[in-house]
Amino acid sequence: MSKNTRPAQKRIDQFLSGPGGRADDWRDLMEGAKVWARGGDRANYDATLADLSVTEEFHGYPGLQLMAALREAAAAGDAGTSLSLVTRIMQALTTRSFRQHAGDLKDDGNGDAPDLLPQTFGQQAAHRPYFETLIVTGLSPSEWPALTTEWRKLRRPVDAFVYEPVIVGSLEDAFCAVMLNPNIAAVIINEGFALRSHHNSTALRPMMTASGINDESDASALRLAHVINRVRPELDLYLMSNRDVETMAGNPDANVFRRIFYSIEELLELHLSILEGIQDRFDTPFFDNLKKYAQRPIGTFHALPIARGKSIFKSDWIRDMGEFYGLNLFLAESSATTGGLDSLLEPTGNIKKAQDKAARALGADRVFFVTNGTSTSNKMAVQALLGPGDIAIVDRNCHKSHHYGMVLSGAQPLYVEAFPMTEYSMYGAVPLKTIKQALLNAKADGRLDRVKMLDLTNCTFDGHIYNTRRVMEECLAIKPDLIFLWDEAWFGFARFSPFLRRRTAMGAAAAIEAWMHDPKSVAVYEKQQAELGKNPSDETLLKTRLIPDPRKIRLRVYQTNSTHKSMSALRQGSMLSVKDVEFHTVEQQFKEAVFTHASTSPNQQLIASLDVSRRQMELEGYGLVANAIEIAIAIRRAVNNNALISKYFRILGADAMVPAQYRQSGFTDYLAPSANWASALKSLDDDEFCLDPTRMTLVCGTAGFDGTQFKGILANEYDIQINKTSRNSVLIQSNINNTRSDVAHLVRVLAEIAGEVDRGLTRGGANTRKTFEARVKSLMTDVPDLPNFSHFHASFRGDAGTKTNEGDIRSGFYSAYDAAGCEFIRLADPEIDRRLKAGPDLVSASFVIPYPPGFPIMVPGQVITQETIDFMRKLDVKEIHGYDATEGLKLVRPEALARMSGRKPAAPARLKAS
Ligand SMILES: Cc1ncc(COP(=O)(O)O)c(C=O)c1O
């Protein structure tokens, strides 16, 4: 916002842009102070200070005292003192030194501005993690400074952590504080606070109304606790009540509090409880023990020579490996499962404890740690939950681990297609109507009982997020015990965003579970049943937002996360989360799946990093994820609003990535002038698909680069690594690791490249321009149609339905093992065209997966169509898994197919416990 248009006081809904806006505001204040101190206009300084006075109320540092000092200096017209105060506060905020010396401020007592540098600034002190505790109180603001002092007096040198209190007097302010201040880790709610903030707020009110909070009578401590728990479930909540605490403690809704205290009791107890709560999140059972283990003198007589590092550090030849990685890596390696190291295959000790904590953090009933990536987590889930002959509705574009999982388990994939984004050579996500149609078709074919699972990718590589709650509810209305496997390889971080959490598998499962237990739900279901009548047509069912019968639902939800893709785990660290009321019926199968896939020599460091990732996300995930989202918005804005860059490049907004029919709320994009957090929230609640803001498709075809070429330029010439490419785009991703400097670097590089293209075109004359335009047209317009899945050959559909397209992919896969039964035909061979026209069918013997786009254009047993051949012939990528251009397409010979047609089909498995 231009400084001249700053309102006198910031509106609450404007600053809900997130915690990151704070640093910008302080930078602005510094700039304003410099201008004023040089004798310039003080208007910007005053306006920014007014803004900051609002937001800083919700932070422990600089706190009430320093902010009052800033305002006093401004009121006295003292530009010099103002600048020096701002400089010192900025320094403390930037170096985070205030965290080491919380509240440790010297007041010289003579009425001058206190010495605002922490007394011990610059000295080395033992590192104690810092956090802030929110205190919601009915006391008047004039009493808050004394309250702060009282809390600080509770600190003791033996405390493992140090915290500052942040005091607010209303429910709305408490909400703002937990949203804005990522350092808050605990909340004390005293009864008797007000409802409304004294700040102006237009967007906050609808939010409060949506939470059922309308007047002062709703401003109860319990209500507030539930509001906070919804946005930041990781926070420890404490109730200080001076009423009937015993009754409150017996109320099941009060479980949201970690502890309930009677107000007049010892504050020290509360202080110790707060520290204990943080310690519980801080403890990393496996990692903590591994560190201890590494310090013990252990003689190893097992098969892992590098354990303890002696074979490395004594060697003349490989010592550099030891020097590079450091001693601890080797001291902390072992193939033992004793000494508290536990066994990943059958965890009963520290790994089990670490997994339980991860389950708490992710909102699951249980979590499995997996040390070979989500590729393995997916195969484990598919193998454990499906058996031969079971049918799974699967997104054809899902990661190959799902397809291979079907091969391993013998389950039959019933492929459904995502909506195509042909222009960018990528797919979106699978429309709910398509999924419902597949279920209804299976029902019509009398085989709904065999449809065991819906298996989808959320979010997709390119950032399409499902409405997980709606998908599950509507599917459960058709099949109440359907299992859901959500591949959230890219989306693990979303759990720690109050905006995105609702769109995760576990977030939606929690909402469905709560809805099932709401006594009003049965009536809602019955009302819809009455409206639908006895035998509603498929057409009616497809267009109705179906409500499941809450009494019949068996909620069975699985979620896989590549912890290494969005959190601080080492590569391959993955978690499989379970929320399944029937888990006891498949527990043994899960054990078998772990035994099948987990290495018997899992890497200790990987397991430890999963444990530590959980700790980090429970203690600072909220702020880190908010930062990743803000960085993404900053990149989007910088690229799309820069005149030179946007001449050749553009980042696709939600409107380009999600067709309007799936954006029912009317949301267009995060950068749209009308967008604010309320409209984004509505979109997240209502729309069929949303776009994960952190996944940015940058179109580079308009600058004359194909995706692979542009990825190479960024990597080789500018040291910028990106993720995925398409024919005319690259995918940029922000994560918890990124900083504003990364944004600046990327934007500068794009400006440089755009400048080069621009200069080349200006200098090159008409011919250069013509060549450029032809190249852009070829990349942006002459794009190949994306081939849909055709069908399995009849030989692999021995027991298939008439309306559904599932097939026996496992037999298709093993047909390739019969060398005599297979043939190769080159892509350019006219024989391909002849067979496409006159037969016999071309049937793929293998998976063929080009990178990009990365989805299987052929699966084993699939009949190859003209569309697929056209697509392959137009593909100009080098990496095609499962296809060797010199040999050609691997096909199952017609004779072998004929032989197979006589074969008995696999019988459906009976997996359910009888
Ligand atoms: C959707 C999806 N699922 C699973 C995986 C595999 O995850 P990992 O690399 O952790 O094995 C990927 C990898 O890119 C993926 O994109």
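1. So, the overall build of the protein chain
In step 1: Helix and strand counts for the protein chain stand at 35 helices and 23 strands.
In step 2: Rg of the C-alpha trace for the protein chain: 30 Å, near the compact-globule value of 29 Å for 914 residues, within the 12% margin.
In step 3: With respect to the three principal axes, the spread of C-alpha positions in the protein chain is 100 × 80 × 75 Å.
In step 4: Within the span of the protein chain, comprising 914 residues, buried residues form 56% of the whole.
In step 5: A separation of at least 24 residues holds for 73% of the contacts in the protein chain among residues at least 6 apart in sequence.
In step 6: Carbon and sulfur atoms make up 52% of the accessible area of the protein chain, which amounts to about 38500 Å² in all.
In step 7: Across the protein chain, 106 positive and 109 negative side-chain charges occur, with their mean positions spaced 4 Å apart.

2. Structural notes on the site of the ligand
In step 1: Near the ligand, the surroundings consist of Gly373, Thr374, Ser375, Asn378, His399, Thr457, Asp487, Ala489, Trp490, Ser562, His564 and Lys565.
In step 2: Side-chain polar atom of Ser562 to an oxygen atom of the ligand: 2.7 Å apart, as the coordinates give it.
In step 3: Side-chain polar atom of Lys565 to an oxygen atom of the ligand: 3.1 Å apart, as the coordinates give it.
In step 4: When isolated, the ligand has an accessible area of 390 Å², and the protein chains bury 84% of it.

3. Some words on unusual backbone geometry
In step 1: Note that the residue after Tyr61, namely Pro62, is joined by a cis bond; omega there is 5°.
In step 2: Here Pro62 lies in the loop between helix H3 (43–55) and helix H4 (63–75).
In step 3: Of note, the amide linkage connecting Asn458 to Cys459 takes the cis form, showing an omega dihedral of -5°.
In step 4: Looking at the secondary structure, you find Cys459 in the loop between strand E11 (451–457) and strand E12 (464–466).
In step 5: A positive phi angle is found at Asp342, which is not glycine, with a value near 65°.

4. Remarks on a nonpolar patch on the surface
In step 1: There is a patch of nonpolar side chains on the surface, built from Trp317, Ile318, Met321, Phe324 and Tyr325 and spanning about 650 Å² of accessible area.
In step 2: Along the polypeptide, Met321 turns up in helix H14 (residues 319–325).

5. Comments concerning the sheet that holds strand E16 (residues 650–651)
In step 1: Taken in spatial order, the three strands of this open sheet run E16-E18-E19, and their pairing is antiparallel. Bordering the open sheet on either side are E16 and strand E19 (729–733), each of which pairs with just one other strand.
In step 2: One ladder, built from two bridges, connects E16 with strand E18 (residues 695–699); its direction is antiparallel. The residue bridging Arg650 from the neighbouring strand is Val699, located in E18.

6. What to know about the confidence of the model for the protein chain
In step 1: Mean pLDDT over the protein chain: 89, with 91% of residues reaching 70 or higher.
In step 2: Here residues 1–16 is a poorly scored stretch, pLDDT under 50, and it has 42 contacts once near neighbours within four places are set aside; other chains count.
In step 3: In the model, residues 905–914 has pLDDT below 50 throughout and makes 19 contacts with residues more than four positions away in sequence or in other chains.

7. Concerning the environment of Tyr61
In step 1: With respect to the helices, strands and loops of the structure, Tyr61 is situated in the loop between H3 and H4.
In step 2: Classification of Tyr61 by relative accessible area gives buried; the value is 6%.
In step 3: In this structure the C-alpha to C-alpha distance between Tyr61 and Gly326, which are 265 residues apart in sequence, comes to 37 Å.

8. Focus on the sheet that holds strand E8 (residues 412–416)
In step 1: The strand order across the open sheet built from seven strands is E6-E15-E14-E13-E11-E7-E8, with neighbouring strands paired in mixed fashion. Two strands in the sheet have a free side with no partner beyond their single neighbour: strand E6 (366–370) and E8. For this sheet, the mean inter-axis angle between neighbouring strands, taken without regard to orientation, is 20°.
In step 2: Relative to E11, helix H19 (residues 432–444) is tilted by about 165°, and along the sheet it contacts strand E7 (391–395), E8 and E11.

9. As for the pattern of salt bridges
In step 1: Scanning the model with the defined rule gives 51 salt bridges in all.
In step 2: As a salt-bridge pair, Arg232 and Glu234 come within 3.0 Å of each other at their nearest N and O atoms.
In step 3: You can call Glu234 buried: its relative accessible area is 14%.
In step 4: Residue Lys357 pairs with Asp280 through a salt bridge whose shortest N-O separation is 3.0 Å. In this pair, Lys357 sits in helix H16 (residues 350–362) while Asp280 sits in helix H11 (residues 267–282), placing the two residues 77 residues apart along the sequence.

10. Concerning the pairing of strand E4 (residues 236–241)
In step 1: Counting buried positions along E4 yields six of six residues, so the element is predominantly enclosed.
In step 2: Burial of the side chains of E4 extends over both faces: Asp236, Tyr238 and Met240 are buried on one face and Leu237, Leu239 and Ser241 on the other.
In step 3: Across four bridges, E4 lies against strand E5 (residues 259–262) in parallel orientation. Among the inter-strand pairings, Leu239 is bridged to a residue of E5, identified as Ile260.
In step 4: The parallel pair E4 and E5 is bridged by helix H10 (residues 245–250), and the resulting crossover is right-handed.

11. So, the nonpolar core
In step 1: Judged by nonpolar contacts, the single largest core of 150 residues is most densely connected at Phe369, Phe649, Phe710, Ile753 and Leu889.
In step 2: Discounting chain neighbours no more than four positions away, the residues touching Phe369 are Leu344, Ile351, Ala354, Gln355, Ala358, Ser574, Met575, Ile607, Leu610 and Asp611.
In step 3: By size, the runner-up hydrophobic cluster in this structure holds 45 residues, among which are Met380, Leu386, Met453 and Phe813.

12. Points about the packing of helix H7 (residues 171–180) against helix H9 (residues 221–231)
In step 1: Orientation of H7 relative to H9, taken along the N-to-C sense of each, is 20°, at an axis distance of 10 Å. Between H7 and H9, the interaxial angle falls into the category roughly parallel. Two packed elements cross with a definite hand, and for H7 against H9 that hand is right-handed. Within the contact between the two elements, H7 uses Leu171, Ala174, Phe175, Val178 and Met179 and H9 uses Leu224, Val227, Ile228 and Val231.

Rules behind the numbers
- Residues numbered from 1 in each chain as written.
- Predicted model: local features only at pLDDT ≥ 70, side-chain atom pairs only at ≥ 80, totals over all residues.
- Heavy atoms only, no water.
- Helix = DSSP H or I, 4+ residues; strand = E, 2+ residues; numbered from the N terminus.
- Rg over C-alpha atoms; globule rule 2.2 N^0.38 Å.
- Buried < 20%, exposed > 50% of the residue type's maximum accessible area, 1.4 Å probe, protein only.
- Contact = heavy atoms within 4.5 Å.
- Areas by Shrake-Rupley, 256 points an atom, 1.4 Å probe, with all protein chains shown as cover.
- Lys, Arg positive; Asp, Glu negative; His and termini not counted.
- Charge placed at Lys NZ, Arg CZ, Asp CG, Glu CD.
- Near = heavy atom within 4 Å.
- Polar contact = N/O pair within 3.5 Å; in protein donor to acceptor, adjacent residues only side chain to side chain.
- Patch = residues over 30% accessible without salt bridge, like charges linked within 9 Å, V, L, I, M, F, W, Y side chains within 5 Å.
- Salt bridge = Lys/Arg side-chain N within 4 Å of Asp/Glu carboxyl O.
- Pairing = 2+ DSSP bridges.
- pLDDT = per-residue confidence, 0-100.
- Axes fitted to C-alpha atoms, helices over the stretch in contact; angles between N-to-C directions.
- Right-handed = clockwise from strand over helix to strand, strands pointing away.
- Core = buried A, V, L, I, M, F, W, Y, C linked by side-chain atoms within 4.5 Å.
- Parallel < 35°, antiparallel > 145°, perpendicular 65-115°, else oblique.
- Left-handed = near helix turned anticlockwise from the far one by under 90°.

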